[in-house]
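Listed below are the residues making up each chain.
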Amino acid sequence: MNILNLFSSHSLDVLTKKKIMNKKKPTLSQHINIGQLRIDTWDLLKAQASLLSNSETGSVKRKKCQASVEDALKKLNNLERYFAFPGLSSIRLLKETFKQGEYVALSHKTNEFIKLLVSDSYRQFAALEPENTWMKTTKKSSPKKMEGFAKKNYFEVLFVEDLSDVAELEMRRKFQEIQDKEDQFIYKLLVVPSFQDALIAMLFNHNIQSVVVRYGPTFNSQHITPLIQPFIENVLKIDLSEQMESALGPLLGKFIRQFRPLLNIYYITDTSLTHLKDSTLNNFDRIFYRKEDLQELHLSIINGIQERYNTPFFSALVDYSKKPMGVFHAMPVSRGNSIFKSNWIKDFGKFYGRNLFLAETSSTTGGLDSLLQPTGALKTAQELAAKTYGAEHTFFVTNGTSTANKIVQQAIVEPGDVVLIDRDCHKSHHYGLVLAGAFPVYLDSYPIEEYSMYGAVPLKVIKEKLLLLKEAGKLDKVKMLLLTNCTFDGLVYNVERVMEEVLAIKPDMVFLWDEAWFAFAGFTYNYKQRTGMFVANKLYNKYRKEAYKKKYQQYINALPAGETPSMPDPEKVKIRVYSTQSTHKTLSSFRQGSMIHIWDEDFQRKTTDAFHEAYMTHTSTSPNYQILASLDAGRRQVQFEGFELVEKSIEMAMVLRAKINDHPLLNKYFEVLTVKDLIPDEYRTTGIVEYYNPKEGWTRMEEAWSKDEFVIDPTKITLTVGKAGIDGDTFKNEYLMDQFNIQVNKTSRNTVLLMTNIGTTRSSVAYLMNALLRIARQLDEEFRSLNNTEKEIVKKRADSLTKEFPPLPNFSYFHQYFQSTPGIPGGNIREAYFMSYHESKCEYLPLTNCLKTLEEKRDLVSATFVIPYPPGFPVLVPGQVISKEIIQFMLALDVTEIHGYRPELGLKIFTENTLNKQSTIPENGAKKKVALKPRGEEE
Ligand SMILES: Cc1ncc(COP(=O)(O)O)c(C=O)c1O
């Protein structure tokens, strides 16, 4: 494990020197995960061993230190059995050294282990050192000797078998011998004796990439102590102690497959081939028999890693760039020809380096494949991505999720189809609907007025709309439900519940989950449960089971007449799920790198052709190869490091949250919003109001994530700045950016959004903390220097930002003319959009005149999208009636960037004449004359 990057509570203590001096023993509640606990315990051992080595024989201090060292070693003995380095053998050595009273040596060796851990260089030592001799490594770690090993990729193989010490040593020796010094990959064994220990190791140890289950392991671990218990709640929930040992091997394979599906798993058994169950064959990559040679197992391990390591497109591009080429196509920068020969833009070439230009080409030859019709490297790269992200099909997109969304919409919906869509979704969806000619039914999120933000769409709102459409006989027209998960602010849906209850009403609903901000979520267990692909797979398998069919029948028989079912009919239900992810937002990819993941049981039959047409419609015929290569390489990264890096980014976010909220100077001006601030009580059945408190630690997050309607993604940190009398936009620009070069992208009236991601380092978090502290001090000083009147002004500003909340308007409704069917949800946004192209049909009305005009009972209907930044989604769409609340909201907006609105002209609206004329088009024309409904009752 890369301990260097692990964010321990200790590491943040560097911000306040005093805390280091008074460093307390780590207690459970201070630790988000085992990585933190582990590194803190090592730190404690280091400090105490050092004090011990300087203490006088027989002194009280010595006795105290001895007790502390003993305690730390005991804890590490418990923790290190789940890691190959430093591992149990190192702890044994330290214990021995301690027992013999060699305190200076103890301190020295402890320091060395920590150094290797935090510098990550133990990975290279693995290549040098035979098993069990880590402790002698330091002498051998000369830079010269390390050369050549630095390029090797290190991982650990988990062996699950209860072996005697002698047998274990012998096996390690054999594997050491088999490993080829020339291999690109190098591994160490981690041997654990039981089923429970194997699951614990899976949770704790990110270096494990392969697992070998030998025969039937025992179930119970002998090492479950109060120290690790809080971190293994999920493991302890599994009780298979009654199972026969022979059944435990296959069951372990199944659990590992669920928990860390990307690992390679091998099974060594005696069970005859005829008795092996299908599920066993499915869960293991390969099955070996006891007598088979270890060499085969070793080769399988290496081969499994190699397959995951392969990056077909990136490698093809590298190969291509190395070949000499004559360029006779249309791309002067290709091979750098127009750059490096130039007298004027050589600096451009120098900045990016030669490789970029060597890899730039418009040629699809030389193994480079074509994105529009992939048959080679790109096809394989996309197939590997599908496997990694748990999809049936994955498509790379080079123009961001903005384009991915339009592709999916065009592929699924036809003109006249109805799409249920969250109103505050990204604008690409609204444009997609205009292009596709579908009728949007806008769904309102719950408002969070205090922070001028919207939440997410409650399930009851979705169901209400669906039932309205059902009553109106329009359910067959409804094609798609489109939701943003997670939202920009980090609100995460209960994807499974939404899909189940919607499918119970509309069994063939297509779901488009906009996971622009959630590509990372598939790589950690908690998060994964709330992703489109995972749930699609889960529900597909669930509904096919006989047990479900039976349960459904009983449920339906008992359901009171007229009540809406919440279980889908297994005979009718179809699983059709699409998710779009901006890989570039949360994982490694160049800007605009995005993916469409598909889990659609009707894809082949119903959508393939339409999807390919839509893909062609929106994809450039000159896709950027560097973006594609980065998607391929980023896929490799998450294969091996996704679990580790995502957990780390969550950990850092958690620490940052706690540090800001617990710091007296910071919380004078700032506050990190917690679960209860962003999610109303009614959507939290667990009643959990925050994920951390000092008594219970961090573990409650799991419970909330498994039950609540909405949860918060902790990596999205909403920081309130209103108490400081500063609005979000000013704080972003004049404080964070101008003074500290800290970039954030989203703000609201009184908040800024901070995010951690897999690239966030400990030092960047420390830098942010430092910046916030400096700003807080600066604010203190500024306030002190003000006279009383000035102080009043600042207080008033702060009051306005924290106590006066401009109301957040809901989506009003489409004007009668633009309703797809009068009185029924759904609007013809496309028609309104194109009607606005005609100058004579539109006019402008200054914002300040709008309220008065509304009082005069005139219908104001927007001719355009009006999109203020923030919040970044349309407050008006073409055809929408402009309500008093929307005008009030716009008047209160203090942002300067509002797309679709020019202050000097006013709002672009349809003329009265246009609307009157349109509503009297004869019946055989495009529109019927319809009886007017009272406003606001259209939906
Ligand atoms: C929810 C959502 N979907 C889609 C997009 C567009 O993604 P991209 O920037 O990859 O085009 C964004 C961009 O911020 C977004 O927030």
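Residues numbered from 1 in each chain as written. Predicted model: local features only at pLDDT ≥ 70, side-chain atom pairs only at ≥ 80, totals over all residues. Heavy atoms only, no water.

## Observations regarding the site of the ligand
Alright, step 1. Around the ligand, a shell composed of Gly-400, Thr-401, Ser-402, Asn-405, His-426, Thr-484, Asp-514, Ala-516, Trp-517, Ser-582, His-584 and Lys-585 is seen.
Alright, step 2. Within the side chain of Trp-517, an N or O atom sits 2.8 Å from an oxygen atom of the ligand.
Alright, step 3. At 3.0 Å, a side-chain N or O of Lys-585 approaches an oxygen atom of the ligand.
Alright, step 4. Look at the ligand: alone it shows 390 Å² of surface, and the protein chains cover 84% of it.
Alright, step 5. Every element with two or more residues in the shell around the ligand is listed here: α21 (400–412) and α28 (583–586).
Alright, step 6. The leading source of residues in the shell around the ligand is α21, at 4 residues.
Alright, step 7. The residue inventory of the shell around the ligand, partitioned by class, reads 2 nonpolar, 8 polar and 2 charged. (Near = heavy atom within 4 Å. Polar contact = N/O pair within 3.5 Å; in protein donor to acceptor, adjacent residues only side chain to side chain. Areas by Shrake-Rupley, 256 points an atom, 1.4 Å probe, with all protein chains shown as cover. Helix = DSSP H or I, 4+ residues; strand = E, 2+ residues; numbered from the N terminus. Nonpolar A, V, L, I, M, F, W, Y, C, P; charged D, E, K, R; others polar.)

## Considering the sheet that holds strand β16 (residues 671–672)
Alright, step 1. An order of β16-β18-β20-β19 is seen for the 4 strands of this open sheet, with the pairing classed as antiparallel. On the outer flanks of this sheet lie β16 and β19 (746–747), each paired with one strand and no other.
Alright, step 2. Of the strand pairs in this sheet, strand β18 (residues 716–720) and strand β20 (residues 751–755) are connected by 5 bridges, and their pairing is antiparallel. The residue bridging Thr-718 from the neighbouring strand is Leu-753, located in β20.
Alright, step 3. Relative to β20, helix α34 (residues 728–740) is tilted by about 60°, and along the sheet it contacts β18, β19 and β20. (Pairing = 2+ DSSP bridges. Contact = heavy atoms within 4.5 Å. Axes fitted to C-alpha atoms, helices over the stretch in contact; angles between N-to-C directions.)

## Thoughts on the side chain of Glu-168
Alright, step 1. Here Glu-168 is to be found in helix α10 (residues 165–178).
Alright, step 2. Overall, Glu-168 belongs to the buried group, its relative accessible area being 19%.
Alright, step 3. Apart from the residues within four sequence positions on either side, Glu-168 is in contact with Leu-163 and Val-191. (Buried < 20%, exposed > 50% of the residue type's maximum accessible area, 1.4 Å probe, protein only.)

## As for the packing of helix α3 (residues 34–53) against helix α6 (residues 103–119)
Two numbers describe a pair of packed helices, the interaxial angle and the distance between the axes.
Alright, step 1. Closest axis-to-axis distance for the α3/α6 pair is 8 Å, and the angle between their directions is 150°. It follows from the interaxial angle that α3 and α6 lie roughly antiparallel. For the element pair α3 and α6, the recorded crossing hand is left-handed. Contacts between α3 and α6 pair Arg-38, Ile-39, Trp-42, Asp-43, Leu-45, Lys-46, Ala-49, Ser-50, Leu-52 and Ser-53 from the former with Tyr-103, Val-104, Leu-106, Ser-107, Thr-110, Asn-111, Phe-113, Ile-114, Leu-117 and Val-118 from the latter.
Alright, step 2. Residue composition of the contact of α3 with α6, grouped by class: 12 nonpolar, 5 polar and 3 charged. (Parallel < 35°, antiparallel > 145°, perpendicular 65-115°, else oblique. Left-handed = near helix turned anticlockwise from the far one by under 90°.)

## Observations regarding the confidence of the model for the protein
Alright, step 1. When pLDDT is averaged along the protein, the result is 87; 90% of the residues meet or exceed 70.
Alright, step 2. The low-confidence segment residues 1–29 (pLDDT under 50) makes 79 contacts with residues lying over four places distant or belonging to another chain.
Alright, step 3. The model gives residues 137–141 a pLDDT under 50, and that stretch makes 10 contacts with residues more than four places away or in other chains. (pLDDT = per-residue confidence, 0-100.)

## Thoughts on the environment of Pro-807
Alright, step 1. Relative to the helices and strands, Pro-807 resides in the loop between α36 (788–803) and β21 (819–821).
Alright, step 2. Once you skip the residues sitting within four places of it in the chain, Pro-807 turns out to touch Glu-449 and Phe-889.

## Describing the pattern of salt bridges
Think of it this way: side chains of opposite charge can pair up when their charged atoms draw near.
Alright, step 1. Evaluation of the coordinates by the stated rule reveals 36 salt bridges.
Alright, step 2. A salt bridge links Arg-684 to Asp-681; the nearest nitrogen and oxygen atoms lie 2.8 Å apart.
Alright, step 3. Through salt bridges with shared partners, a single network forms among Glu-170, Arg-173 and Glu-177. (Salt bridge = Lys/Arg side-chain N within 4 Å of Asp/Glu carboxyl O.)

## As for the side chain of Lys-406
Alright, step 1. Mapped onto the fold, Lys-406 is located in helix α21.
Alright, step 2. Apart from residues no more than four positions distant in its own chain, Lys-406 is found in contact with Ser-428, Tyr-431, Gly-432, Leu-435 and His-618.

## A closer look at the packing of aromatic side chains
Alright, step 1. This structure, assessed with the given rule, holds 55 aromatic pairs.
Alright, step 2. Note on Tyr-543 and Tyr-548: the rings are 4.8 Å apart at their centroids and 55° apart in plane angle, and the pair reads as tilted. Each of the two residues, Tyr-543 as well as Tyr-548, counts as buried.
Alright, step 3. Taking the centre distance of 6.4 Å and the plane angle of 25° together, the rings of Tyr-548 and Tyr-552 count as stacked. One end of the pair, Tyr-548, and the other, Tyr-552, are both in helix α27 (residues 546–558), 4 residues apart, so they sit about a helical turn from each other.
Alright, step 4. For Tyr-548, a relative accessible area of 5% gives the class buried.
Alright, step 5. Its end group placed over the ring of Phe-340, Arg-354 keeps NZ or CZ at 3.9 Å from the ring centre.
Alright, step 6. Here Lys-791 stacks its cationic end above the ring of Phe-783, 5.5 Å away from the centre of that ring. (Phe/Tyr/Trp six-rings, centres within 6.5 Å; stacked < 30°, edge-to-face > 60°. Lys NZ or Arg CZ within 6 Å of the ring centre and 35° of its normal.)

## Things to note about the environment of Ala-330
Alright, step 1. Tracing the chain through its elements places Ala-330 in the loop between α16 (312–322) and α17 (337–340).
Alright, step 2. In this structure the C-alpha to C-alpha distance between Ala-330 and Ser-363, which are 33 residues apart in sequence, comes to 9.4 Å.

## Quick word on helix α35 (residues 762–784)
Alright, step 1. End to end, α35 covers 33 Å across 23 residues, agreeing with the expected 33 Å (1.5 Å per residue, within 8%).
Alright, step 2. Of the positions making up α35, those classed as buried are Val-765, Ala-766, Leu-768, Met-769, Ala-771, Leu-772, Leu-773, Ile-775, Ala-776, Leu-779 and Asp-780. (Expected span 1.5 Å × (residues − 1).)

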